[in-house]
Amino acid sequence: MEERTCCFTGHREIPQSHLPALQKKLEETIRELVSQGFTRFEAGGALGFDTLAESTVLSLQKEFPEIQLVLVLPYLQQAKSWKMQDLVRYKEILRQVGEENIFYVSQSYHRGCMQQRNRRLVDDSELCVAYCTQATGGTAYTVQYAEKKGVEVRNLADTL
């Protein structure tokens, strides 16, 4: 049976008022995708929606041991200037994912490495689950890229 892959893209900033409904909708969506045979979930390791999606997949692995989380990161030191609480959470996600499921687009930062990461996420996937509330920026670019490539997009912001 062929592995089905879903990627996540979303904003770093999530309004506190959206968070409970977004968390609930994200978990419902992942559960539905698992029931449809999706077993590989890819995320970009950014703050905000990526972290929320990663944490949700990891928590659901207890119930669905067949699913895996794969991180496609833009470069090795992406978290070097993050706040301590975000860094601690990030390192815990990396630990739980394991080295074999972490891929780096570049060893060091360069202009365009974030877009390369976003394209890689989409290119690997048949479905993109998004939290996109703006028409510009990295998340909007990724959603537009997915649509252009014929990858189905489910924008959870439309359901809140």
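From a predicted model like this one, the values you see are computed outputs, not experimental measurements.

Asker: Account for the pairing of strand β4 (residues 102-106), naming residues and giving values.
Answerer: Sheet topology places strand β3 (residues 68-75) next to β4; four bridges connect them, and they run parallel. When the bridges of β4 are listed, Y75 appears paired with S106. One crossover worth recording links β3 to the parallel β4 by way of helix α3 (residues 84-97), and it is right-handed.

Asker: Describe the packing of aromatic side chains, naming the residues involved and giving the relevant values.
Answerer: For the structure on display, the rule yields six aromatic pairs. Considering the side-chain rings of F8 and F41, the 6.0 Å spacing of their centres and the 20° angle between planes classify their relative orientation as stacked. Of this pair, F8 sits in strand β1 (residues 4-10) while F41 sits in strand β2 (residues 38-43), placing them 33 residues apart in sequence. A relative accessible area of 1% means that F8 is categorised as buried. Residue classification places F41 among the buried positions, given a relative accessible area of 0%. For the pair Y141 and Y145, a centre-to-centre distance of 6.3 Å together with 15° between the ring planes defines the contact as stacked.

Asker: So what's going on with the packing of helix α1 (residues 19-35) against helix α2 (residues 49-60)? Residues and values would help.
Answerer: It is at 10 Å that the axes of α1 and α2 come closest, and there the two elements cross at 50°. Classified by the interaxial angle, the pair formed by α1 and α2 is oblique. Note that α1 runs across α2; the crossing there is right-handed. Taking contact as the criterion, the partners of L19, L22, Q23, L26, E27, I30 and R31 in α1 are, on α2, F49, L52, A53, T56, V57 and L60.

Asker: Give a description of the side chain of N118 that names residues and reports values.
Answerer: Looking at the secondary structure, you find N118 in helix α4 (residues 113-123). By relative accessible area, which is 9% here, N118 ends up buried. The residues contacting N118, other than those within four sequence positions of it, are G138 and T142.

Asker: Summarise the nonpolar core; cite the residues concerned and give the values.
Answerer: Membership of the largest hydrophobic core comes to 35 residues, with the highest contact counts inside it found for F8, L26, I30, F41, F49, L71 and V129. Of all the elements in the fold, those that place two or more residues in this core are β1, α1, β2, α2, β3, α3 and β5 (127-131). If you tally residues by element for this core, the top one is α2, at six residues. Apart from the residues within four sequence positions on either side, F41 is in contact with C6, F8, I30, L33, V34, V57, I67, Q68, L69 and V70. Membership of the second largest hydrophobic core comes to eight residues, among which are C7, V72, V122 and Y145.

Procedures and definitions
- Residues numbered from 1 in each chain as written.
- Predicted model: local features only at pLDDT ≥ 70, side-chain atom pairs only at ≥ 80, totals over all residues.
- Heavy atoms only, no water.
- Pairing = 2+ DSSP bridges.
- Helix = DSSP H or I, 4+ residues; strand = E, 2+ residues; numbered from the N terminus.
- Right-handed = clockwise from strand over helix to strand, strands pointing away.
- Phe/Tyr/Trp six-rings, centres within 6.5 Å; stacked < 30°, edge-to-face > 60°.
- Buried < 20%, exposed > 50% of the residue type's maximum accessible area, 1.4 Å probe, protein only.
- Axes fitted to C-alpha atoms, helices over the stretch in contact; angles between N-to-C directions.
- Parallel < 35°, antiparallel > 145°, perpendicular 65-115°, else oblique.
- Left-handed = near helix turned anticlockwise from the far one by under 90°.
- Contact = heavy atoms within 4.5 Å.
- Core = buried A, V, L, I, M, F, W, Y, C linked by side-chain atoms within 4.5 Å.

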